[in-house]
Amino acid sequence: MNLETFKWDIDADGIAHAIFDVPGRSMNTLTGKAVADIIAITKEVATNDAIKGLVLSSGKASGFCAGADLGEMGDRAGAGGEKKPKSVDEQKKEQFDAGFSLNGTLRKLETCGKPVAVALNGLALGGGLEVALACHYRVAANDNPKLQFGLPEAKIGLLPGAGGTQRLPRLVGVQAALPLILQGESFTAEHAKSMGVVNELAPSSETVAKAKAWVKANPKAKAPWDEKGYKVPGGVPHKSPGVGQVATMANMMLASKTYGNYPAQKNILSCIYEGIQVPIDAGLRIETRYFINTQQRPEAKAMIRSLFLSMQELGKGANRPAGHPKTEFKKIAVIGAGLMGAGIAYVQAKAGIPTVLVDVTKEAAEKGKQYSVRLVEKDVSRGKLTKEKGDALLALITATDNYDDFKGADLVVEAVYENEELKAKITKQAEAVLGDDAVFGSNTSTLPITGLAKASKRPANFIGIHFFSPVERMGLVEIIKGKETSEATLAKSIDYVLAIRKTPIVVNDSRGFYTSRCFGTYTREGMEMLGEGIKPAIIENVGRQAGMPMGALEVSDSVGLDTALKVTRAMAEATGIDLQTDERTNFLAWLVEDQGRVGRKAGKGFYDYDEKGKPSRLWPDINKQLEIKIDECPPALKKELTNRFLVRQAVEVARCFEEGVITDARDADIGSILAWGFAPFTGGCCSYVDLIWGIKEFVAEADRLADKYGDRFRPNKLLRDMAAKGEGFYDRFPPAGTKAKVAA
């Protein structure tokens, strides 16, 4: 055999050993070549009488296989170039044959009449786990803390397409398998052993030998579901009332959490429910049909592109300027020990970076450090961190009121109150002790960086580094370039964000930048609806059902209604808008200044909050100031409000592109999802336009909304030009020097 991704040998006992080892990669994935090799291996094992059994293993320390190569998926789907047009039936057959290729091969391997075992030394995710499930015996390493198993396809809009929805439920039962597949969560080797996913645990150095020993001792091995009298653990829906109830409840819970926005989860449920009631060969065909259906949905294309491909690229610094040496951070200072600064200090220390936390008094700085103490104690109590490692983390944070303590810092992050004079004062104080190459980063959410940099004697080293709260949980950092920010400073800032294990996006300077500016359109549209007399509960429920993490009014409460009022007034002053006649602003002023309802932090805003800070109810007296005119929400109204929420945000994103605030569609999509929670099933604001709507249809809908509700929805020149040329955002604004790929 001529194998490209596997090494191959046969020992004296006739046991073949196929070692998965994709050349030039740190992790094995199921590339087209790997699938071809598995097909060849299966044929050889089945037809070569000298082979008595097969053991699969990995030649990489990282693990067995991380799943399908999604970067290839679009290329494979688009291959062919047939000149002769095909009928619908021919197209469907071709799609099914391509989709069933690996699935059918693994079934042939499983029924080849010879024992097949796999030695798992690390990751076995997605297609990697599906290959392992098609083996008769699985041995996993018990000395690798990074070993993970799982079927994570649902997280990127797909479903397992190589037997995962059929073999896992047949192995562990429907009730145990459903959450693992629907949620895509990974699990440890020990958990896998307890469920029966893994048959045996052994040290890494012994897994192959254990697998070979089993193969030698079990020449007539079969999969459990191929044994006479096999029954699915716990039963099947049409015969077991309990399992039928589990399926029904799962459907209800899925609807309540996803609102029908995630086709993959719905198809996973159907796949398992239908497939588990028929023989496995029929179940595998059912799975392939649902896989193809899911794969071709725009939601899957969008989620694969953004949540997998773009996230990986940005997480590796794809937006970093080339030609600058990587920075290894020896010391970083954080100025301001409030909630934001304290969180920044924690994530830096967690990344192993010595951190100086500065405030006006030593007591204030120590209070900020206590934030890290509480997080560490919580992790230690839950067994996520040893006390020794927790103590070492805390030892990296120095709380002080003395600026001299951060001499030699590679970078400073200023995280004080949003006040230009205060920030200017701190900039000068910090630069008095900083080295010439040190970067000064301002954690501001709205104040233009170019203006703040005027207080700096080294504006080329000045940049915006915008974190999101709570810092330890939010995965995004928005980096803002001022007019004089150097490329070296940008490169160093991206190195910093990657060092603290966050995802960076890069934008240009403007009031509100990218995230704060676009995020605000969601809350303001909620206010517009409230002003129109739409019942608050309708506004909130539609916002969540549209895919946003919270309703627009709850988001406003979380930000702070007093903050929203202040920002609104500041932006109005900066842009020359008269707010005296603006009903929405006057209502907000009444709520904040007359009623004292400033949001979640005060326990009262649009919502009333309990002692744990969770919303208990919408404030019933909102209608004292605003009349409720619409208190029912038929489907047509729900669709209208959904479009208003999402289209409004996407139009603002387009304006940011036209103004040069953002220049890369990846940054825009990932920023919209991670910063303010724009409906993840769409792949982000740009993919929402490109894939969910289509550019021409989106522009037409935005025009319709503008005619009905106002020019805030009106498409800009950029959108009209894109529509005229049939271009999407990824055509017009792809990664520098490349043409973006859409997974299909």
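Residues numbered from 1 in each chain as written. Predicted model: local features only at pLDDT ≥ 70, side-chain atom pairs only at ≥ 80, totals over all residues. Heavy atoms only, no water.

Enquirer: What exactly am I supposed to notice about the pairing of strand 3 (residues 53–58) here?
Expert: In the case of a regular strand, side chains alternate between the two sheet surfaces. Among the six residues that make up strand 3, six are buried, leaving the element largely enclosed by the rest of the structure. Residues Gly 53, Val 55 and Ser 57 point to one face of strand 3 and Leu 54, Leu 56 and Ser 58 to the other, with burial holding for every one of them. Across six bridges, strand 2 (residues 15–20) lies against strand 3 in parallel orientation. Each bridged residue has a counterpart across the sheet, and for Ala 16 the counterpart in strand 3 is Leu 54. This β-α-β element, strand 2 to helix 1 (residues 32–47) to strand 3, shows right-handed connectivity. Of the strand pairs in this sheet, strand 3 and strand 5 (residues 116–120) are connected by three bridges, and their pairing is parallel. Looking across to strand 5, one finds that Leu 56 is bridged to Val 118. (Buried < 20%, exposed > 50% of the residue type's maximum accessible area, 1.4 Å probe, protein only. Helix = DSSP H or I, 4+ residues; strand = E, 2+ residues; numbered from the N terminus. Pairing = 2+ DSSP bridges. Right-handed = clockwise from strand over helix to strand, strands pointing away.)

Enquirer: Looking at this structure, how should I read the sheet that holds strand 8 (residues 149–150)?
Expert: Strand pairing in a sheet takes place through backbone hydrogen bonds and is either antiparallel or parallel in direction. With respect to topology, three strands assemble into an open sheet ordered 4-6-8, the strand pairing being parallel. Two strands lie at the open edges of the sheet, namely strand 4 (63–65) and strand 8, each paired on one side alone. Sheet topology note: the strand 6 (residues 123–125)/strand 8 ladder contains two bridges and is parallel. Residue pairing in the sheet places Ala 124 in a bridge with Phe 149 of strand 8.

Enquirer: Quick question: what am I supposed to make of the confidence of the model for the chain here?
Expert: Should the pLDDT be low somewhere, the predicted coordinates at that spot are not to be read in detail. On average, residues of the chain score 90 in pLDDT, and 94% of them are at 70 or above. Note on residues 74–83: pLDDT under 50 across the span, and nine contacts to partners over four residues away in sequence or across chains. In this model, residues 739–744 is a region of pLDDT below 50 whose contacts with residues beyond four sequence positions or in other chains number 21 contacts. (pLDDT = per-residue confidence, 0-100. Contact = heavy atoms within 4.5 Å.)

Enquirer: How do you make sense of the packing of helix 12 (residues 298–315) against helix 25 (residues 665–676) when you look at a structure like this?
Expert: The description of two packed helices rests on the angle between their axes and on the distance between the axes. At their nearest, the axes of helix 12 and helix 25 sit 10 Å apart, and the two run at 110 degrees to each other. One element, helix 12, and the other, helix 25, form an angle in the roughly perpendicular class. On helix 25, the residues touching Ser 306, Leu 307, Ser 310, Met 311, Glu 313 and Leu 314 of helix 12 are Arg 666, Asp 667, Asp 669, Ile 670, Ile 673 and Leu 674. (Axes fitted to C-alpha atoms, helices over the stretch in contact; angles between N-to-C directions. Parallel < 35°, antiparallel > 145°, perpendicular 65-115°, else oblique.)

Enquirer: Would you take a moment to explain unusual backbone geometry for this structure?
Expert: Cis geometry is found at the peptide bond from Ser 469 to Pro 470, where omega equals -5 degrees. Relative to the helices and strands, Pro 470 is located in the loop between strand 15 (462–466) and strand 16 (476–481). Within the chain, Arg 501 stands out as a residue other than glycine whose phi angle is a positive 65 degrees. Checked against the element boundaries, Arg 501 lands in the loop between helix 18 (487–499) and strand 17 (503–508). Residue classification places Arg 501 among the exposed residues on the basis of a relative accessible area of 61%.

Enquirer: Please clarify how the pattern of salt bridges should be interpreted in this entry.
Expert: Note that side chains of opposite charge can pair when their charged atoms are close. A full pass over the atoms with the stated rule returns 46 salt bridges. For Arg 617, the salt bridge identified is with Asp 608, shortest N-O distance 2.9 Å. When salt bridges that share partners are traced, they join Arg 107, Glu 110, Arg 167, Asp 226 and Asp 281 into one network. (Salt bridge = Lys/Arg side-chain N within 4 Å of Asp/Glu carboxyl O.)

Enquirer: Sorry if this is basic, but what is going on with the packing of helix 1 against helix 3 (residues 88–110) here?
Expert: In contact at an axis separation of 9 Å, helix 1 and helix 3 are set at 25 degrees when each is read in the N-to-C sense. The angle between helix 1 and helix 3 places the two elements in the roughly parallel class. The hand of the helix 1/helix 3 crossing is left-handed. Contacts between helix 1 and helix 3 involve Val 35, Ile 38, Ile 39 and Thr 42 from the first element and Ser 101, Leu 102, Thr 105, Leu 106, Lys 108 and Leu 109 from the second. Counted by class, the contact of helix 1 with helix 3 contains six nonpolar, three polar and one charged residues. (Left-handed = near helix turned anticlockwise from the far one by under 90°. Nonpolar A, V, L, I, M, F, W, Y, C, P; charged D, E, K, R; others polar.)

Enquirer: How do you make sense of the sheet that holds strand 14 (residues 439–442) when you look at a structure like this?
Expert: Spatially, eight strands are ordered 12-11-10-13-14-15-16-17 in an open sheet, and the strand pairing comes out mixed. Taken across any chain shown, the strands that pair with only one partner, and hence form the sheet edges, are strand 12 (397–400) and strand 17. Direction aside, the axes of adjacent strands within the sheet are offset by 25 degrees on average. One ladder, built from three bridges, connects strand 14 with strand 15; its direction is parallel. Along strand 15, the bridge assignment pairs Phe 440 with Phe 462. Of the strands in this sheet, strand 11 (355–358) and strand 12 touch helix 14 (residues 362–381), which is tilted by about 150 degrees from strand 12.

Enquirer: Would you explain the side chain of Asp 664 in this entry?
Expert: Along the polypeptide, Asp 664 turns up in the loop between helix 24 (635–658) and helix 25. Overall, the relative accessible area of 8% leaves Asp 664 in the buried class. Here Arg 666 takes part through its backbone nitrogen, which lies 2.8 Å from a polar atom of the side chain of Asp 664. (Polar contact = N/O pair within 3.5 Å; in protein donor to acceptor, adjacent residues only side chain to side chain.)

Enquirer: Would you mind showing me how to read a negative patch on the surface here?
Expert: Taken together, Glu 363, Glu 366, Asp 401, Asp 404 and Asp 405 make up a surface patch of like negative charges. For Glu 366, the position within the fold is in helix 14. (Patch = residues over 30% accessible without salt bridge, like charges linked within 9 Å, V, L, I, M, F, W, Y side chains within 5 Å. Areas by Shrake-Rupley, 256 points an atom, 1.4 Å probe, with all protein chains shown as cover. Lys, Arg positive; Asp, Glu negative; His and termini not counted. Charge placed at Lys NZ, Arg CZ, Asp CG, Glu CD.)

Enquirer: Sorry, what's going on with the nonpolar core here?
Expert: Generally speaking, soluble globular proteins have nonpolar side chains that are buried together. By size, the foremost hydrophobic cluster in this structure holds 98 residues, and its most contacted members are Phe 406, Tyr 514, Phe 587, Phe 606, Phe 657, Phe 698 and Phe 729. No other element matches the 11 residues that helix 24 contributes to this core. With residues up to four places along the chain from it excluded, the contact list for Tyr 514 reads Glu 478, Ile 505, Val 507, Val 653, Cys 656, Val 661, Ile 662, Asp 667, Ala 668, Gly 671, Ser 672 and Trp 676. (Core = buried A, V, L, I, M, F, W, Y, C linked by side-chain atoms within 4.5 Å.)

Enquirer: Looking at this structure, I do not really get the packing of aromatic side chains. What am I missing?
Expert: Two aromatic rings, taken as a pair, are described by how far apart their centres are and by the angle between their planes. Within the structure shown, the criterion is met by 23 aromatic pairs. Between Phe 6 and Phe 20, the aromatic rings sit 4.5 Å apart at their centres with planes inclined by 5 degrees, giving stacked as the arrangement. Within this pair, whereas Phe 6 is found in strand 1 (residues 6–10), its partner Phe 20 is found in strand 2, the two being separated by 14 residues in sequence. Both residues of the pair, Phe 6 and Phe 20, count as buried. Ring centres of Phe 440 and Phe 462 lie 5.2 Å apart, and the angle between their planes is 20 degrees; on these two criteria the pair is classed as stacked. Taken together, the residues span a long stretch of sequence, with Phe 440 in strand 14 and Phe 462 in strand 15 at a distance of 22 residues. Taken as a pair, Phe 440 and Phe 462 share a single burial class, namely buried. Each member of the aromatic cluster is reached from another via a ring pair, and the members are Phe 587, Trp 590, Phe 606 and Trp 619. (Phe/Tyr/Trp six-rings, centres within 6.5 Å; stacked < 30°, edge-to-face > 60°.)

Enquirer: I would appreciate a short explanation of the environment of Ala 602 in the present structure.
Expert: Of note, Ala 602 is situated in the loop between helix 23 (583–594) and strand 18 (607–609). Taking the C-alpha atoms as reference points, Ala 602 and Pro 203, 399 residues apart in sequence, are found 55 Å from one another.

Enquirer: Any chance you could explain helix 16 (residues 420–431) here in plain terms?
Expert: The end-to-end C-alpha distance of helix 16 is 16 Å, a good match for the 16 Å that 12 residues give at a rise of 1.5 Å each. Lys 423, Ile 426, Thr 427, Ala 430 and Glu 431 are the residues of helix 16 that are buried. For helix 16, the buried positions fall inside an angular range of 125 degrees around the axis, keeping them on one side. Turned more than 90 degrees off the buried face of helix 16, the exposed positions are Glu 421, Lys 425 and Lys 428. Contacts made by the buried residues of helix 16 are with strand 10 (332–335), strand 13 (411–414), strand 14, helix 17 (449–452) and strand 15. (Expected span 1.5 Å × (residues − 1). Arc of directions from axis to C-beta.)

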